[in-house]
Amino acid sequence: MSTAPAPRPVPRAGVLAIEAYVPGKSAVPPGVKLHKLSSNENPLGPSPKAMAAFAAAAQKLEIYPDGAATRLREAIGRRYGIDPARIVCGCGSDDLLSLLAYGYIGPGDEAIHSAHGFLIYDIAIRAAGGTPVVAPERDLTADVDAILQRVTERTRMVFLANPNNPTGTYLPFSEVKRLHAGLRPDIVLVLDAAYAEYVRNNDYSSGLELAATADNVVMTRTFSKIHGLAALRVGWAYAPAPVCDAMNRIRGAFNVNLPAIEAGIAAMEDRAHEDAAVVHNAHWAAWLTDALRGIGLDVVPSVGNFLLVGFPRGGGRDAAAADRYLAERGLVVRAVSSYGLPDHLRVTVGTEEANRLVAETLRSFMAAAPAHG
C-alpha cells in the first residue's frame with residue numbers, strides 16, 4: 001500500500017520565493033504607554049471633517065460604494081487641477097502599485113527599483129511573475145545612472161519612491177526628468193509620491209506634471225500619511241488614459257469602500273488640517289534630527305515624516321539593542337534590516353511627547369556602559 005502523500009495545490013512558480021511584507025510593530029510590555037513610531041502615521045490624526053464624514057457613512061453600510069469612486073476622483077481633480085478621468089483610486093497606494101505590475105509585467109519581464117526602495121515593489125513584481133532588478137544607491141539616494149545602466153530589452157517598469165521610504169531621501173525633479181528621458185517609451189516609470197506633501201524643497205516635484213504630459217509616467221499617492229487615514233486604506237494614481245484603462249480593467253470592482261471615499265473627500269478639502277500636519281512635521285523633524293545628532297547618532301537628512309537613524313556596530317549600542325531598549329519603554333520604531341539597513345532604525349516623527357521621549361531615551365541608551373557577556 002502506497003504511503004506517498006496525497007497531491008495538494010501548489011502555488012505557481014515564484015510565489016513561495018516572495019518574502020511576505022511585515023508591517024511596523026505595535027506591541028509594548030503591559031502597563032507601558034505605547035508610542036507607535038513604526039509606520040509613519042500622522043501624529044495629528046485625521047481631519048475632524050474626515051472623521052465626521054466617516055461617521056456619517058455608517059448610515060449607508062448596506063449599500064455598495066460607487067465602484068469608480070467618482071466623487072473622490074472629482075475632489076482630487078479639483079484640488080490639483082487635473083482630469084478626474086485620468087485618476088484611478090485604490091485600496092491604498094499598495095493596491096495601485098500591484099495593479100500596475102499585474103497590468104504590465106509578466107513572466108520573463110524585468111522591473112527595476114533602487115536598493116533601499118519600498119519593499120512592496122519587489123513583492124508586486126514577483127507576484128506578477130516578473131523579475132526584480134535592484135539598482136544600487138548613492139548616499140542612500142536613488143541613482144539615476146545606476147538605474148539606466150540596468151535597463152535591458154526585458155525591462156517593463158521602473159519604480160521610484162520619491163521621497164524614498166525608509167531613507168527619507170529624494171531626487172530633485174531635474175534628476176527625475178533625466179531618468180524619464182533615458183527610458184524607452186514602452187517602459188512605465190512609476191513615481192511613488194506617498195510622502196510628497198511633506199517636502200518643502202524647491203527642487204522637488206511629485207511628478208504630477210510629468211504624469212500629465214508623458215505617455216509612460218504614473219504618479220501614485222496615498223491618504224495614509226499626511227491625511228491620517230491609514231486604517232481606511234485609500235490611495236490614488238494619476239496616469240495616461242491608456243494606463244488608467246488597463247488598471248480599471250483588472251482592479252477590484254469595489255476596491256475603495258464607502259467610508260474611505262467619504263472620508264477621503266473631506267480630507268482632500270481640509271487644507272487647514274493638512275497644513276497643520278506639514279508645519280508640525282517640519283518643526284519636529286528638525287528638532288529630532290538635531291537632538292539625535294547631538295548624542296552622536298547618524299541621522300540621514302529626511303524630507304519625509306520619519307528619520308533613518310544609524311547606530312554604531314557592536315559594544316551593546318547597536319540598532320537591535322536600541323530597538324529593544326526603546327520598545328521596553330513604550331517607543332516602538334521600525335527595524336529596517338529587511339531593507340538592507342541592519343545598522344539603522346526608522347523613527348516616525350510623532351507627537352511632541354513622543355519626540356522628546358525618543359531623544360531622552362536614546363540619550364540614556366547611548367550614555368549607558370557597553371553591555372558585556
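Bear in mind the structure is a predicted one, so any value in this text is a computation, not a measurement. (Residues numbered from 1 in each chain as written. Predicted model: local features only at pLDDT ≥ 70, side-chain atom pairs only at ≥ 80, totals over all residues. Heavy atoms only, no water.)

### Some remarks on the overall build of the protein
A count of helices and strands for the protein gives 12 helices and 13 strands. Computed over the C-alpha atoms, the radius of gyration of the protein is 22 Å, within 12% of the 21 Å expected from 2.2 N^0.38 for a compact globule of 373 residues. If you line up the protein on its principal axes, its C-alpha atoms span 60 × 60 × 60 Å. A buried classification covers 54% of the 373 residues belonging to the protein. Across the protein, the fraction of contacts at a sequence separation of at least 24, relative to all contacts at a separation of at least 6, is 75%. As displayed, the protein has an accessible area near 16,500 Å², and 56% of this comes from carbon and sulfur atoms. In the protein, the 36 positive side-chain charges and the 38 negative ones have mean positions that sit 2 Å from each other. (Helix = DSSP H or I, 4+ residues; strand = E, 2+ residues; numbered from the N terminus. Rg over C-alpha atoms; globule rule 2.2 N^0.38 Å. Buried < 20%, exposed > 50% of the residue type's maximum accessible area, 1.4 Å probe, protein only. Contact = heavy atoms within 4.5 Å. Areas by Shrake-Rupley, 256 points an atom, 1.4 Å probe, with all protein chains shown as cover. Lys, Arg positive; Asp, Glu negative; His and termini not counted. Charge placed at Lys NZ, Arg CZ, Asp CG, Glu CD.)

### Observations regarding the nonpolar core
Counting residues in hydrophobic clusters, the biggest one holds 52 residues, and the most contacted among them are L72, I76, C89, F223, W236 and Y238. Sort the elements by how many residues they give to this core and helix α9 (residues 258-269) lands first, with 7 residues. Grouped together as the second largest cluster of nonpolar side chains are 32 residues, V88, Y104, I105 and L341 included. (Core = buried A, V, L, I, M, F, W, Y, C linked by side-chain atoms within 4.5 Å.)

### Side note on the domain arrangement of the protein
Each assigned domain of the protein is listed with its residue range as follows: domain 1 (29-45 + 272-367) and domain 2 (48-270). Distance from the C-alpha centre of domain 1 to the C-alpha centre of domain 2: 26 Å. Taken together, the contact between domain 1 and domain 2 spans 26 residues of the former and 27 residues of the latter. For the domain 1 and domain 2 pair, buried surface summed over both sides reaches about 2,300 Å², with 60% attributable to carbon and sulfur atoms. The largest contributions to the domain 1 side of the interface with domain 2 come from E274, V303 and Y339, which together make up 33% of the buried area. (Domains from an automatic or database assignment. Buried area = accessible area lost by both parts, 1.4 Å probe.)

### Quick notes on the UniProt feature "modified residue: N6-(pyridoxal phosphate)lysine" (unreviewed entry) in the protein
As annotated by UniProt and renumbered to match this structure, "modified residue: N6-(pyridoxal phosphate)lysine" (unreviewed entry) occupies K225. Inspection of the secondary structure assignment puts K225 in the loop between β7 (217-222) and β8 (235-238). Contacts of K225, omitting those with residues within four sequence positions, involve S39, N40, N42, A194, Y195 and Y198. At a separation of 3.0 Å, a polar atom in the side chain of K225 contacts the main-chain carbonyl oxygen of S39. (UniProt positions renumbered as here; feature names shortened; annotations may be inferred. Polar contact = N/O pair within 3.5 Å; in protein donor to acceptor, adjacent residues only side chain to side chain.)

### Notes on the pattern of salt bridges
Scanning all chains against the criterion turns up 18 salt bridges. The shortest N-O distance in the salt bridge between E274 and R79 comes to 3.0 Å. Residue E274 is located in helix α10 (residues 271-294), and its partner R79 is located in helix α2 (residues 70-80); the two are separated by 195 residues in the primary sequence. The burial state of E274 is the same as that of R79; both residues are buried. Where D94 meets R233, a salt bridge forms, and the shortest distance between an N and an O atom there is 3.9 Å. Highlighted residues: D94 in helix α3 (residues 92-104) and R233 in the loop between β7 and β8, separated in sequence by 139 residues. Overall, the relative accessible area of 23% leaves D94 in the partly exposed class. Linked through salt bridges whose partners overlap, the residues forming this network are D145, E175 and R178. (Salt bridge = Lys/Arg side-chain N within 4 Å of Asp/Glu carboxyl O.)

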